[in-house]
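# An overview of the molecular structure
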Amino acid sequence: VLSGQIEVGAAVTAAVNDSRRSGIRRAHSATHLLHHALQTVLGSHAMQRGSKVEEDTLRFDFTQPKPITAEQLTQIENIINAKVASGASVNCEVMDQEAAKKAGATALFGEKYPDRVRVVTMGDFSKELCGGTHLTSTGQVGLCKVITEESVAKGVRRITAYTGPKALQKVRDDEQL
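Predicted, not measured: the structure shown is a model, and the values here were computed from it.

What follows covers helix H1 (residues 18-42). Its 25 residues place the ends of H1 36 Å apart at the C-alpha level, agreeing with the 36 Å of an ideal helix rising 1.5 Å per residue. The first or second residue beyond H1 is Gly-43, which carries a positive phi of 120 degrees.

Here we take up the pattern of salt bridges. Summed over the entire model, instances satisfying the criterion amount to 7 salt bridges. Of the charged contacts, one joins Glu-54 and Lys-52 as a salt bridge, the two residues approaching to 3.4 Å between their closest N and O atoms. Judged by its relative accessible area of 38%, Glu-54 falls in the partly exposed class. We classify Lys-52 as partly exposed; its relative accessible area is 39%.

Taken together, the 3 strands give an open sheet; going across it, the order is E3-E4-E5, and neighbouring strands pair in antiparallel fashion. Both edges of this open sheet fall to strand E3 (90-96) and strand E5 (126-129), since each of them pairs with a single strand only. Taking each pair of neighbouring strands and ignoring which way they run, the sheet shows an average axis angle of 25 degrees. Where E3 meets strand E4 (residues 116-122), 7 bridges bridge the pair, whose relative direction is antiparallel. Looking across to E4, one finds that Val-94 is bridged to Arg-118. Its contacts with the sheet place H1 against E4 and E5, and it is angled at close to 75 degrees to E4.

Cut-offs used in this document
- Residues numbered from 1 in each chain as written.
- Predicted model: local features only at pLDDT ≥ 70, side-chain atom pairs only at ≥ 80, totals over all residues.
- Heavy atoms only, no water.
- Helix = DSSP H or I, 4+ residues; strand = E, 2+ residues; numbered from the N terminus.
- Expected span 1.5 Å × (residues − 1).
- Salt bridge = Lys/Arg side-chain N within 4 Å of Asp/Glu carboxyl O.
- Buried < 20%, exposed > 50% of the residue type's maximum accessible area, 1.4 Å probe, protein only.
- Pairing = 2+ DSSP bridges.
- Axes fitted to C-alpha atoms, helices over the stretch in contact; angles between N-to-C directions.
- Contact = heavy atoms within 4.5 Å.

Here it is as structure tokens:
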């Protein structure tokens, strides 16, 4: 509330910060690309255990019993950015939970879902249940740069990455250094 008070029946105006929302959409869509890349490089055991998305920043926790090597991390980043460069379409569809399972959509372990779920599909490589905000094309991520990889619990690793303008600025800062 910028001024006054909110009361039942009061007229209000809501505004979305387009720049911030675009950064969140880039980071959130990139988490799906990261999940795909992790499973491609590490195996199907690399399942999401949590994530956080902010403007052009993502944090992704996943199951992995040992540290990721520098070579594997490079492979993961290369796969993500190849999917970005492919410009695959991103589609969202609401369907019955059973239909989503039959279509091969991935769900988070331990989560409870309603009868009707939202399925986000990216190209032919990612299909997950997700209620978040997304891009319409993977190419809109721009660039995804992995910043850190670390342990957060026994058998759980965390990757932090930047997308879009923040990723480009990180590359420029590293070049200057």
